[in-house]
Amino acid sequence: MRRGLRQVKLIQNYIDGKFVPGKRQFADVNPADGSVIAQVTEADRDMVDAAVQAARKAYRGEWGRWGIRERAAWLYKIADAIEARFDCFVAAEVADTGKPVALASRLDVPRAAANFRVFADLIKTTGLESFQTETPDGKNALNYAVRKPLGVVGIITPWNLPLLLLTWKVAPALACGNTVAVKPSEETPATATLLAEAMQHAGIPDGVYNVVHGFGPNSAGEFLTQHPDVNAVTFTGESQTGAAIMKTVAASVKPVSFELGGKNAAIVFADCDFEETVSGIGEAVFLNSGQVCLCAERVYVERVIFDRFVEVLKCKAESLHIGSPLDKTTELGPLISAQHREKVLSYYRLAREEGAVSVSGGGIPEFGNSLDNGFYVQPTIYTGLKESARCVKEEIFGPVCHIAPFDTEEEAVHMANDTKYGLAASIWTTNLKRGHRVAQQMNVGITWVNCWFLRDLRTPFGGAGLSGIGREGGLHSLNFYSELNNICIRL
Ligand code: NAD
Ligand code: 6OD
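Residues numbered from 1 in each chain as written. Chains lettered and ligands numbered in written order. Predicted model: local features only at pLDDT ≥ 70, side-chain atom pairs only at ≥ 80, totals over all residues. Heavy atoms only, no water.

Draft legend 1. Molecular detail of the confidence of the model for the chain. For the chain, the mean per-residue pLDDT works out to 97, and 99% of the residues sit at or above 70. Below pLDDT 50 for its whole length, residues 1-5 participates in two contacts with residues either more than four positions away or in separate chains. (pLDDT = per-residue confidence, 0-100. Contact = heavy atoms within 4.5 Å.)

Right, here's the structure in full:
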């Protein structure tokens, strides 16, 4: 190495149990200071084909033949391997995403291990339907279903919770006996690659888990979804990308599962537990710098507590510790990229043009050190926009919300549902009857009452409208990642 040149890590593709470089490289950038932390080698069409063929071979080999208990045992080993490298996973996720180290340590990496354990438990304990069917001759028939893998599953994931969302799909896919080729986001390639190392050390057979790096259109993402030997595609990301992938896979009629964007509402009633609610909404708006698909960007507050609520949430936003992701006390890190920051700032400008009252933030924080080269924005709160404003309708995906008052329950329900998205909602009230009543009227996949992002991995997860197709989680994942064969036996 020449003096003065820092050696930059090379992140490679993982195909058939080997790390392989691609012909082209792109930079992996640390969003906290704009520095290049690694070069990533992009998989071309031939490499994506090699990954899918390796997955096919492994599927036809021992992985596809093993029984449920053996596969579950491997999943527990993967969970152990993640935990054995806990600090490496945290460091890689923090460097790639800029998320606070405290968040990656409490959410992302523990959830990755939990994803493997939960689906290992589930595949061992979940039964299947059977029916005794009456026939006119009285002899009857027995119907029972058996679960079979789909084959090779293509998995495409975003940058906001890279390891959590990748393993949320890899774990049930493997539990059901499939093999996978995954394409992590080009912004956050590190932890999918570390997972390959963990699997290699755990002894997972070659070809069961393959990683191809690159971009979407005319790159590894599109090559994977176009591949004729991929049996199903599961995708998490923007709604528009979901539409593009749907077009691509339509030609070969593959099953798809889409977890897409959101413009989620929180409804705060005057009878809420005020302190708990402000704290919960603070999380729902600002966690991961607002880069969680479930974040609340629209907050509706009953008019009698509106002014007080706005004032206290403003204090909360202004007291958040924005800083280096490596500082254990940091609560708000940067956005993922310069490009994404420009998008979020363009909404901050648009909010002003649309007539918003700026309660807090709206700009870029200054640090006086290398963090000024990072992609930070201030946590931001607006009021005063019309419900038809673009800032109220479009997903921003930053640490920002608009707060609007309401007078009646009906009005709150109407405003919350007045969106093309349908991912999540939260209701804040101490009146449980009202909590149930309002929750059941939400046109979304997940409604939380007096909490937010509280997860039980056995429950259905997904969205309505522009927010997705299908449900994953628990049995829903097992059903997506397997083909059910109903057997009817005449008795
Ligand atoms: P994105 O759609 O830009 O990218 C996601 C992945 O798709 C990346 O790996 C990308 O390379 C790939 N991709 C892009 N175009 C493609 C194409 N034509 N063919 C195949 N692959 C392609 O999303 P993002 O910016 O990484 O993530 C943020 C978005 O994800 C937000 O909209 C957020 O709401 C959504 N999201 C939804 C959920 C959910 O569970 N519903 C979870 C996390 C994020
Ligand atoms: O918790 C999950 O299982 C999940 N899929 C979360 C999605 C978060 C979106 O950013």
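After that view, the rundown keeps rolling.
Draft legend 2. Representation of the site of ligand 2 within the structure. Near ligand 2 the following residues occur: R111, N160, L161, L165, W168, V292, C293, L294, F453, R455 and F461. One of the side-chain N or O atoms of R111 is found 2.9 Å from an oxygen atom in ligand 2. Considered on its own, ligand 2 offers 310 Å² of accessible surface; in the complex 99% of this is hidden by protein. Class assignment of the residues belonging to the shell around ligand 2 gives a composition of eight nonpolar, one polar and two charged. (Near = heavy atom within 4 Å. Polar contact = N/O pair within 3.5 Å; in protein donor to acceptor, adjacent residues only side chain to side chain. Areas by Shrake-Rupley, 256 points an atom, 1.4 Å probe, with all protein chains shown as cover. Nonpolar A, V, L, I, M, F, W, Y, C, P; charged D, E, K, R; others polar.)

Draft legend 3. Summary view of the nonpolar core. Within the largest apolar cluster, 103 residues are counted, with the highest numbers of intra-cluster contacts made by Y209 and L294. With twelve residues, the single largest contributor to this core is helix α5 (residues 101-125). Excluding residues within four positions of it along the chain, L294 makes contact with N264, L423, A424, I446, W448, W452, F453 and F461. Judged by nonpolar contacts, the second largest core, of 30 residues, contains L350, L385, C391 and V438. (Core = buried A, V, L, I, M, F, W, Y, C linked by side-chain atoms within 4.5 Å. Buried < 20%, exposed > 50% of the residue type's maximum accessible area, 1.4 Å probe, protein only. Helix = DSSP H or I, 4+ residues; strand = E, 2+ residues; numbered from the N terminus.)

Draft legend 4. Layout of the environment of L142. Of note, L142 is situated in strand β7 (residues 141-149). Sequence spacing of L142 and I487 is 345 residues, and the spatial spacing of their C-alpha atoms is 8.0 Å. Non-local contacts of L142, meaning those with residues more than four positions away in its chain, are made with F131, Q132, I487, C488, I489 and L491.

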